[in-house]
Amino acid sequence: DRGGDKGPKTGSRKRGVTMGQQRQRVLGCNVGLGCALLAAISLNSAKAGWVDVDTPTDKLTATSLIDGSEYELVMSDEFEVEGRNFKDGSDPMWTALDKSDDDASAAGGGSLHFYNSSTVTTEDGMMKISSKLGKTKWTHYDPIKKEYKKVTKYFKSGMVQSWNKFCFTGGIVEVDLVLPGDPFIGGLWPAVWMLGNLGRATYEASTNNIWPWSFDTCDRDLQHAQHISACNNQNHFGLNPKQGRGATEIDLLELMAGDSDGPLPATEPPISLPYLAMTLQVAPGIPDNRPQSGAQPRRNDTTSANGHTQLLAQSWYDDLVTKGNTSINPFFYGTYLAETKPEEPVQRTKKEAFQADAIGSMHQVAQEHFLKPYTYRVEWQPGRGGRLDWFAKKVSSADTEKSASSDDDDEDEWVHAFSIPDKSIGDLM
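These lines cover the structure that appears in this document, whether it is placed above or below.

Calculation notes
Residues numbered from 1 in each chain as written. Predicted model: local features only at pLDDT ≥ 70, side-chain atom pairs only at ≥ 80, totals over all residues. Heavy atoms only, no water. Helix = DSSP H or I, 4+ residues; strand = E, 2+ residues; numbered from the N terminus. Contact = heavy atoms within 4.5 Å. Phe/Tyr/Trp six-rings, centres within 6.5 Å; stacked < 30°, edge-to-face > 60°. Buried < 20%, exposed > 50% of the residue type's maximum accessible area, 1.4 Å probe, protein only. Lys NZ or Arg CZ within 6 Å of the ring centre and 35° of its normal. Pairing = 2+ DSSP bridges.

1. Here's the deal with the environment of Leu311
Mapping Leu311 onto the fold places it in strand S18 (residues 309–311). Residues Leu311 and Asn300 lie 11 residues apart in sequence; the distance between their C-alpha atoms is 8.6 Å. Discounting chain neighbours no more than four positions away, the residues touching Leu311 are Arg298, Asn300, Asp301 and Thr302.

Following this line, the structure appears as structure tokens:
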């Protein structure tokens, strides 16, 4: 399911936006991969109008970089029409939000900007999302105090979603993207990501105990934490009884800019700022013996000189593969969504608290990625035996002496940055 493309992001890790310039294409699986739904969509794509007439003919199909399967294009937007308006109701494919991002908790956080659709337009064959200084005032209803109050924010930016317009259940997503801002100054949190359509980003009531669940087994200990549970005799809203559902998140990329003055600790190989986080966020998470933030997962027991076990191996996902200046991300292993306090925007009881996991990597980028478009891809093969794979186009030698995304021993055009096989998740769940 498609969540959205976004702009600068601060506060809670749950939600976010993309800023910069981009083009996007989604390719559907062929029938041989069992993606009958997408094959059916692709047959009707001309009728539905999801494929942009400006799409180059060589982009109407694509070959999987995993198994060589052929994919047919089912959605694309080249943004060649100048000055498009993405305000709600103005575009058949995208909606730019006009609302506050209230993603915060009693501990703090929350975004500093107000989403304003006027910050999103098209220019020179790209969608352009800007962040601007600008005061926004509005009257907000506080459901806890049961009163209206005046609120002011001093920054504006854009979030663009295809929520409830275009959804898909597997395939290939490619985005041509110019990263925003100065690569060595932090503060922005641009991202391109997907979210299950049962939840809508920044609409907290729609994601509470829905994000980022992907679990279809009845577990009485988890039933209250997963609102659409396989234990429920009635799931309401026309959803199937005894079927677990949720809104899992696949982050094609999230930019972390700044100057780390050398490699960050616990990264293997060494990764510096700026980098791209490529992540699957899913629940239920591993409850015990988790990796500690700031350290790589401990895969084996450690023993003393006399053979006594000192530290047990930690529970984390096996068979994860990183390549091309990419490390497992040791700084974010997931979020514990605890019992809430009365002043928070949504409510969870102690029984509804749960652990979510973030299975992620850090991919090195350089100044060149902020100056011209580069292509990023995720291949999603759904279902049993499926997998998620992230790719980044290499920076050419004409752009820089040594690419941040390069692999010295690999002549291919793409860097296969990160892989998560289904078995890795299935074994733990």
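After presenting the structure, the write-up continues.
2. Quick notes on the packing of aromatic side chains
If you walk through the whole model with that rule in mind, you get 13 aromatic pairs. Between Phe79 and Trp94 the ring centres are 6.5 Å apart and the planes differ by 35 degrees, which places this aromatic pair in the tilted class. Of this pair, Phe79 sits in the loop between strand S4 (70–77) and strand S5 (95–96) while Trp94 sits in the loop between S4 and S5, and the two are 15 residues apart along the sequence. Each member of the pair Phe79 and Trp94 is classed as buried. A ring pair is formed by Trp213 and Phe354, whose centres lie 5.1 Å apart and whose planes are at 45 degrees; its orientation type is tilted. Residue Trp213 is located in the loop between helix H3 (204–207) and strand S15 (249–256), and its partner Phe354 is located in strand S22 (residues 354–355); the two are separated by 141 residues in the primary sequence. Take Trp213 and Phe354: they sit in the same class, and that class is buried. Put simply, the rings of Trp50, Phe166, Phe168 and Trp380 touch in pairs and so form one group of aromatic residues. For the cation-ring pair, Lys99 lies above Tyr203, with the distance from its terminal atom to the ring centre recorded as 4.6 Å. Arg377 extends its terminal NZ or CZ atom over the ring of Trp414, reaching a point 5.2 Å from the ring centre.

3. Some points on the pairing of strand S26 (residues 414–421)
Along any regular strand, the residues point their side chains to alternate faces of the sheet. The element S26 is largely enclosed, with a buried count of seven among its eight residues. Taken together, the two bridges between strand S19 (residues 321–322) and S26 define a ladder with antiparallel strand orientation. Residue pairing in the sheet places Thr322 in a bridge with Phe418 of S26. Note: strand S25 (residues 387–393) against S26, seven bridges, orientation antiparallel. Counted as the bridge partner of Trp390 is Phe418 from S26.

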